[in-house]
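Here are the chains, one letter per residue:
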Amino acid sequence: GESVGLHLPTLSVQEGDNSIINCAYSNSASDYFIWYKQESGKGPQFIIDIRSNMDKRQGQRVTVLLNKTVKHLSLQIAATQPGDSAVYFCAEKRGKLIFGQGTELSVKP
Amino acid sequence: DTAVSQTPKYLVTQMGNDKSIKCEQNLGHDTMYWYKQDSKKFLKIMFSYNNKELIINETVPNRFSPKSPDKAHLNLHINSLELGDSAVYFCASSPIGRGGEETQYFGPGTRLLVL
């Protein structure tokens, strides 16, 4: 069926630490994955994407890792800042975007 | 210079009423979407239009009718509003990228509360 889930609904980290947000997807035919950040009262904002022919992609302070063997996706945020506090969604694309439930990241100063 | 804009931002209305939400994008994208986000933050696609043509229509009640007058606009009309329609509705747009991937850009959302 259609299912993109997250292992942890909430994550609390200390400012300056690295954050890792995990996501499991169910359909091995999905070929494109995206991470979105949604701040309170705003729409989802694109962070980074990765195609299924890649294992890793890096952006500014963010890295996405894709493990197709176990159908797992993760988002790593380096040196987490208070401004990173938000709900993070992974999404897989298979004709349409299927979103996971979301992980709420809270950064403690 | 807002990329994807929606109006209104907040909408409070009585059960049984008819209401519309408007969406406009100035990114020159060909494809636009409507999503519904429930109280648990779950985001689910409702409709997708490409160049004014409906391409995705999820299992959405007939009371919801999207309308695309041109490729920069996708409006959502809801008839006979029900309590369960209360949610945040997001409009999004995307280009058609190479390899089939599409980055979708979201609007700020319309918070609908049906009383």
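Our subject is the structure that appears above.
This report concerns the structure included in the present document. (Residues numbered from 1 in each chain as written. Chains lettered and ligands numbered in written order. Predicted model: local features only at pLDDT ≥ 70, side-chain atom pairs only at ≥ 80, totals over all residues. Heavy atoms only, no water.)

Things to note about the interface of chain B and chain A
Tallying the contact residues gives 20 residues for chain B and 19 residues for chain A. Here chain B and chain A share one salt bridge between them. Between Lys 96 of chain A and Glu 58 of chain B there is a salt bridge, with its nearest N and O atoms 2.7 Å apart. At the boundary of chain B with chain A, the tally comes to six residue pairs in polar contact (both at pLDDT 80 or more). Only strand E4 (31-37) and strand E5 (43-50) of chain B provide two or more residues apiece to the side of chain B that touches chain A. Looking at the side of chain B that touches chain A, its residues break down into eight nonpolar, five polar and seven charged. (Contact = heavy atoms within 4.5 Å. Salt bridge = Lys/Arg side-chain N within 4 Å of Asp/Glu carboxyl O. Polar contact = N/O pair within 3.5 Å; in protein donor to acceptor, adjacent residues only side chain to side chain. Helix = DSSP H or I, 4+ residues; strand = E, 2+ residues; numbered from the N terminus. Nonpolar A, V, L, I, M, F, W, Y, C, P; charged D, E, K, R; others polar.)

As for unusual backbone geometry
With omega at -5°, the peptide bond leading from Thr 7 of chain B into Pro 8 of chain B counts as cis. Its location among the elements puts Pro 8 of chain B in the loop between strand E1 (4-7) and strand E2 (10-13). Of note in this structure, Ala 79 of chain A is not a glycine but carries a positive phi near 50°. Within the secondary structure layout, Ala 79 of chain A lies in the loop between strand E8 (72-77) and strand E9 (86-93). Positive phi is not limited to glycine here, since Ser 80 of chain B has a value of about 45°. Inspection of the secondary structure puts Ser 80 of chain B in the loop between strand E8 (73-78) and strand E9 (87-94).

A word on the sheet that holds E1 of chain B
Residues and elements named next belong to chain B. Strand order in the open sheet made by the four strands is E1-E3-E8-E7, with antiparallel pairing throughout. Both edges of this open sheet fall to E1 and strand E7 (64-70), since each of them pairs with a single strand only. Geometrically, the sheet is characterised by an average inter-axis angle of 20° between neighbouring strands, direction not taken into account. Two elements, E7 and E8, share five bridges in a ladder whose sense is antiparallel. Each residue of the ladder has a partner; that of Asp 70, found in E8, is His 73. (Pairing = 2+ DSSP bridges. Axes fitted to C-alpha atoms, helices over the stretch in contact; angles between N-to-C directions.)

Looking at the pairing of strand E11 (residues 110-114) of chain B
All names here are of chain B. Burial analysis of E11 places four of its five residues in the buried class, which makes it a mostly covered element. Both E2 and E11 contribute to a ladder of four bridges, which runs parallel. Bridge pairing links Val 12 to Leu 113 in E11. Examined bridge by bridge, E9 and E11 share three bridges and lie antiparallel to one another. The residue of E11 that forms the bridge with Tyr 89 is Thr 110. (Buried < 20%, exposed > 50% of the residue type's maximum accessible area, 1.4 Å probe, protein only.)

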